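Examination of the molecular architecture
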Amino acid sequence: HLAMTSSKSRRTTNRLAIIVAAVLAVFAWTAVTASDAIAGGRKRLVVLDFEGPKAEKFQADVVTLLKKNHTVLTAEKWNSAAEDLGAEKLTEKNVKKVAKKLKVDGIIEGKIEKRRDAYIVKLKLRGKDGDVVGTVDTKADSTKLEGSALKDVKNELLPGVESLEANRGGGDDEDAPP
């Protein structure tokens, strides 16, 4: 004689299957979201020492802005690695070498010029391969990134940072073909 399950136990089994499916769907969605965040999320950046009058103040403002969504390594860390590799000069080849060692996705350089009562802020964004991938030229009325200068940096620098390719290879095989 065949054992038949009651409609009540079938409902419980169906509910359990639905709950398991929902939990698995949440885990799958979380995993995809996490991998997207890793791929396009936090970048490893270096803000090199800015040049010019009041350069430290502008550099600090750029670092503060970037740290909200990214990891910012110190210029000292970059300079030390560059010195170890004999790559102090900012050429594409040297930037690529140091960026690979430190697993850095982007490098930001800055130059400040004083004109009358304003400061001209020029930023350059390089990718991990040393190529210049973006520039920002803006004018600040004081020694802070605020107002239209801050808006320019946000609108012109941040999208470039977001588009940088992650540099997670690392290693010392600098003579290996790309």
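Residues numbered from 1 in each chain as written. Predicted model: local features only at pLDDT ≥ 70, side-chain atom pairs only at ≥ 80, totals over all residues. Heavy atoms only, no water.

So, on to the environment of alanine 87. With respect to the helices and strands, alanine 87 occurs in the loop between α3 (75–84) and α4 (92–102). Residues alanine 87 and lysine 97 lie ten residues apart in sequence; the distance between their C-alpha atoms is 7.6 Å. Every residue in contact with alanine 87, bar those within four places of it in the chain, is listed here: Ala82, Asn94, Lys97 and Val98. (Helix = DSSP H or I, 4+ residues; strand = E, 2+ residues; numbered from the N terminus. Contact = heavy atoms within 4.5 Å.)

The subject of this paragraph is the sheet that holds strand β5 (residues 132–140). Two modes of strand pairing occur in sheets, parallel and antiparallel, and in both the strands are linked by backbone hydrogen bonds. Taken in spatial order, the five strands make up an open sheet running β2-β1-β3-β4-β5, and their pairing is mixed. Two strands bound the open sheet, and with one partner strand each, they are β2 (71–73) and β5. The average undirected angle you get between the axes of adjacent strands in this sheet is 25°. Pairing analysis gives eight bridges linking strand β4 (residues 118–127) to β5, with the strands arranged antiparallel. By the bridge assignment for β5, leucine 123 is matched with valine 136. The strands that α3 touches are β1 (44–47), β2 and β3 (106–115); relative to β1, the one it contacts most, it runs at about 90°. (Pairing = 2+ DSSP bridges. Axes fitted to C-alpha atoms, helices over the stretch in contact; angles between N-to-C directions.)

Approximately 220 Å³ is the volume found for the second largest pocket. Secondary structure elements with two or more residues in the lining of the second largest pocket: β3, β4 and β5. When the residues that make up the lining of the second largest pocket are grouped by side-chain class, the tally is three nonpolar, three polar and seven charged. (1 Å grid on protein atoms, 1.4 Å probe; cavity = no way out; pocket = protein on both sides within 12 Å on 5 of 7 lines; lining within 4 Å. Points joined across faces, edges and corners; volume = space filled by probe spheres on them. Nonpolar A, V, L, I, M, F, W, Y, C, P; charged D, E, K, R; others polar.)

Turning to the pairing of β1, a few remarks are in order. Strand residues, when the strand is regular, have side chains that alternate between the two faces of the sheet. Pairing geometry for β1 and β2, over three bridges, is parallel. Residue pairing in the sheet places arginine 44 in a bridge with threonine 71 of β2. Read as a crossover between parallel neighbours, the route from β1 over helix α2 (residues 55–67) to β2 is right-handed. With three bridges joining them, β1 and β3 adopt parallel strand pairing. If you follow leucine 45 over to β3, its bridge partner there is glycine 106. (Right-handed = clockwise from strand over helix to strand, strands pointing away.)

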